[in-house]
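Chain and residue survey
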Amino acid sequence: MFEGLAKRIQNVFAPFGSKGLLKQEDIDQFLKDLRWLLIEADVSLPVVNELVERLREKLKPQTGIVSPQDYLLKTVYEELTALLGSYRPLKVNPRGISLYVLAGLQGSGKTTTAAKLGYFLKRNGKSVVLGAADPYRPAGAEQLRVLASENGLYFESFVENGKVDIAKIQSFMKKSLHDVLILDTAGRLHVETDMLQELSMINKQLNPQEVLLVVDAMLGQEAANIAKSFKEAAPVSGVILAKADGDELGGAALSVAYVSGVPILFMGTGEHIRDFEPFDPNETAAMILGI
Amino acid sequence: MQGKALTPEQEEELLSKLIMADFSLKKAQALLEQIKEKGNNVDVIREVLLSEAPPFEPLRDTSVPSVFFIIGVNGVGKTTTVAKLAHMYAKQGKNVVVVGADTFRAAAQDQLSTLVNRMPVTYVGGERGSDSGSILYKALLENPQASVFLVDTAGRIHTSRALIDELSKLIKVGKKFSEEFPQEVLLVLDGTQGIQGYRQAMSFVQGTPITGLVLTKMDSTAKGGMIFSIWDELKIPVKLVCFGQQLDDIDFYSPQRVVDAILGNNGGGNND
Ligand SMILES: Nc1nc2c(ncn2[C@@H]2O[C@H](COP(=O)(O)OP(=O)(O)OP(=O)(O)O)[C@@H](O)[C@H]2O)c(=O)[nH]1
Ligand SMILES: Nc1nc2c(ncn2[C@@H]2O[C@H](COP(=O)(O)OP(=O)(O)OP(=O)(O)O)[C@@H](O)[C@H]2O)c(=O)[nH]1
Ligand SMILES: [K+]
Ligand SMILES: [Mg+2]
Ligand SMILES: [Mg+2]
């Protein structure tokens, strides 16, 4: 992911090679080019506009600097790393089992990601349970059960009579000797207010260590709206980008990170259980800018 | 019908509206040029958009039997669309065979069979990991009475050549029975993925004879502007629009409704 953006962004910096000075009109031209580039990279338009305004405030005309290009690169790099957040490990409950709730749009990749994250944590020595909490998707629990059993993870269903059984989750967590419970919730749209309400209730009653928003890296302009609505409905603490193998521009990633204000923690890069890796914001920003 | 010239603010506003409706930048700019020539007027804008929108084309379901393939990237709504179409044709009294040719994803077969098990349709599936071509072969061979075969396929990322090739193999199985097969290869595009759908279509057409598009998840705030670019470049029409998870949340595509939603003349939904 981001390779396409990296390739194109070089052209925006190129004209400012070694001119020795940077005038206001150069800055204006640079920002104009950058704006079109970000739009073409599928970053949501309101996010593009805000980003460009933030850069406009930061960038000042320069005289006698060795390389205006380096100055521009450095400023954009700082902005990008601020936007992408910094790497941190998942929060752990010191007093018992850690609960990670996965939420997101229909088909974004939650169930697959639950298994991938579980497998990742298992390889790091944790005892992991995948918990089914999606009453709506036909065979959704079965999908999670199959993935758990194929990958040596524990499985528990918390769906009773077409509902998520919160009390069952609570009592399971009280008794459990496992390290981690990953809760796979139903897909919901950012405009389905009753479904967002349900998510909000689950989180209020369970108080998880992490609420992870699983987003499709292939999202278009909707990315900003999605991040905003989920953030309002639940205490989203991190983002997992699924299907990063389907996108080379990274526009949705930038939009979601910007609007949610929480870091991207992991990235899914394929359908297989091992196609999953921690996300490193600094490395990514450097890669995008080719530095 | 002649409108006033656009102010720079109005130009910017219109361009923003089109970009946020998932038009490509190139297409949005071209439309803006056309509108600038004709003047700023809501009727002008609507007329320009309508003249550029893909036209309505009905499903090719008149020959008996017809075979439809439902294809697309992961999680866009293929399986749900197959169930919706099965429901639609079963209600019309057609003899429907649903073919579960996704042998890759965990519980894909259970998902589809659960969705259709209360419908008066025939379901033909197979074990996970088994050959999808054999499932289709078996379905076509054993159901001479069918009027329509709806084939659900595994999700695949458009840049994965191997998986796209596998899809053409599946289509070849159909050809063994009749040169007319498949009547439809429907590429499902997730509305929330916006302009990415354009890139998916551009990739899938290389090797797959796509006959139409299905736009899903239009119960979101997505508007589907990418179908304009797909029509420009590939002349692939849109056939169906889906707007929810229930079996009835599907309708034929209508250029008027899509344009109205883009311009914000209704709640943004297609389910009026
Ligand atoms: N290529 C690719 N496919 C992925 C990735 N993550 C998930 N998928 C696929 O995306 C599709 C949808 O994934 P699910 O895990 O079922 O999505 P979900 O969010 O649980 O879906 P609902 O429960 O219906 O809302 C499946 O075909 C997955 O195999 C990824 O990183 N790359
Ligand atoms: N809101 C909404 N959800 C939809 C729509 N169509 C499908 N979905 C949901 O999207 C999710 C994925 O749908 P599927 O039909 O499993 O998608 P798929 O393309 O078959 O997925 P894979 O086989 O994993 O590639 C499910 O939760 C569906 O209920 C729609 O029009 N609107
Ligand atoms: K809509
Ligand atoms: Mg799921
Ligand atoms: Mg499917």
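Up top is the structure.
Residues numbered from 1 in each chain as written. Chains lettered and ligands numbered in written order. Predicted model: local features only at pLDDT ≥ 70, side-chain atom pairs only at ≥ 80, totals over all residues. Heavy atoms only, no water.

1. Points about the packing of aromatic side chains
Residue and element names in this part refer to chain A. Evaluation of the coordinates by the stated rule reveals ten aromatic pairs over all chains. When the ring of Phe266 is compared with that of Phe276, the centres are 4.9 Å apart and the planes differ by 15°; the resulting orientation is stacked. In this pair, Phe266 is assigned in strand E9 (residues 264–268) and Phe276 in strand E10 (residues 276–278), connecting sequence segments ten residues apart. Phe266 sits in the buried class, given a relative accessible area of 4%. Three or more aromatic residues link up through ring pairs in this structure, and these residues are Phe13, Phe16 and Phe30. Over the ring of Trp36 we find Arg35, and its NZ or CZ is 5.4 Å from the ring centre. (Phe/Tyr/Trp six-rings, centres within 6.5 Å; stacked < 30°, edge-to-face > 60°. Helix = DSSP H or I, 4+ residues; strand = E, 2+ residues; numbered from the N terminus. Buried < 20%, exposed > 50% of the residue type's maximum accessible area, 1.4 Å probe, protein only. Lys NZ or Arg CZ within 6 Å of the ring centre and 35° of its normal.)

2. Regarding the pattern of salt bridges
Tallied over the full model, the rule gives 26 salt bridges over all chains. Between Arg199 of chain B and Asp42 of chain A there is a salt bridge whose closest N-O contact spans 2.7 Å. Within this pair, whereas Arg199 of chain B is found in helix H8 (residues 196–204), its partner Asp42 of chain A is found in the loop between helix H2 (24–40) and helix H3 (45–58), the two belonging to separate chains. Its relative accessible area of 5% is what places Asp42 of chain A among the buried residues. For the salt bridge of Arg128 of chain B with Glu150 of chain A, the shortest nitrogen-to-oxygen distance reads 2.5 Å. Taken as a pair, Arg128 of chain B in the loop between strand E3 (122–124) and helix H6 (132–142) and Glu150 of chain A in helix H6 (residues 140–150) lie in two separate chains rather than in one. Here the salt bridges do not stand alone but share partners, grouping Asp28, Glu53 and Arg56 of chain A into one network. (Salt bridge = Lys/Arg side-chain N within 4 Å of Asp/Glu carboxyl O.)

3. A word on the sheet that holds E9 of chain A
Consider a sheet: its strands pair through backbone hydrogen bonds, and that pairing is either parallel or antiparallel. All names here are of chain A. A sheet is described by the order of its strands in space; here eight strands give the open sequence E3-E2-E6-E1-E7-E8-E9-E10, paired in mixed fashion. Two strands lie at the open edges of the sheet, namely strand E3 (154–157) and E10, each paired on one side alone. Strand-to-strand, the axes of this sheet are offset by a mean angle of 25°, without reference to chain direction. By the bridge criterion, four bridges tie strand E1 (residues 98–103) to strand E7 (residues 210–216) in an arrangement that is parallel. (Pairing = 2+ DSSP bridges. Axes fitted to C-alpha atoms, helices over the stretch in contact; angles between N-to-C directions.)

4. Brief notes about the site of ligand 2
In the vicinity of ligand 2 lie 22 residues, with Lys78, Thr79, Thr80, Arg105 and Gln245 of chain B positioned nearest. More than a single chain frames ligand 2: its nearby residues are located in chains A and B. A distance of 3.2 Å separates an oxygen atom of ligand 2 from a polar backbone atom of Val76 of chain B. Here an oxygen atom of ligand 2 sits 2.7 Å away from a polar atom, N or O, in the side chain of Thr79 of chain B. Top element by residues in the shell around ligand 2 is helix H4 (residues 78–91) of chain B. It accounts for four residues. Split into classes, the residues belonging to the shell around ligand 2 amount to four nonpolar, eleven polar and seven charged. (Near = heavy atom within 4 Å. Polar contact = N/O pair within 3.5 Å; in protein donor to acceptor, adjacent residues only side chain to side chain. Nonpolar A, V, L, I, M, F, W, Y, C, P; charged D, E, K, R; others polar.)

5. A word on the site of ligand 1
Of all residues adjacent to ligand 1, which total 24 residues, the nearest are Lys110, Thr111, Thr112, Arg137 and Asp245 of chain A. Within the side chain of Thr112 of chain A, an N or O atom sits 2.5 Å from an oxygen atom of ligand 1. The side chain of Asn74 of chain B places a nitrogen or oxygen atom 3.3 Å from an oxygen atom of ligand 1. Bound to the protein, ligand 1 loses 95% of the 650 Å² it would expose on its own. Examining the composition of the shell around ligand 1, we find that four residues originate from one element, helix H5 (residues 110–123) of chain A, more than from any other. Taken together, the residues of the shell around ligand 1 sort by class into three nonpolar, 13 polar and eight charged. (Areas by Shrake-Rupley, 256 points an atom, 1.4 Å probe, with all protein chains shown as cover.)

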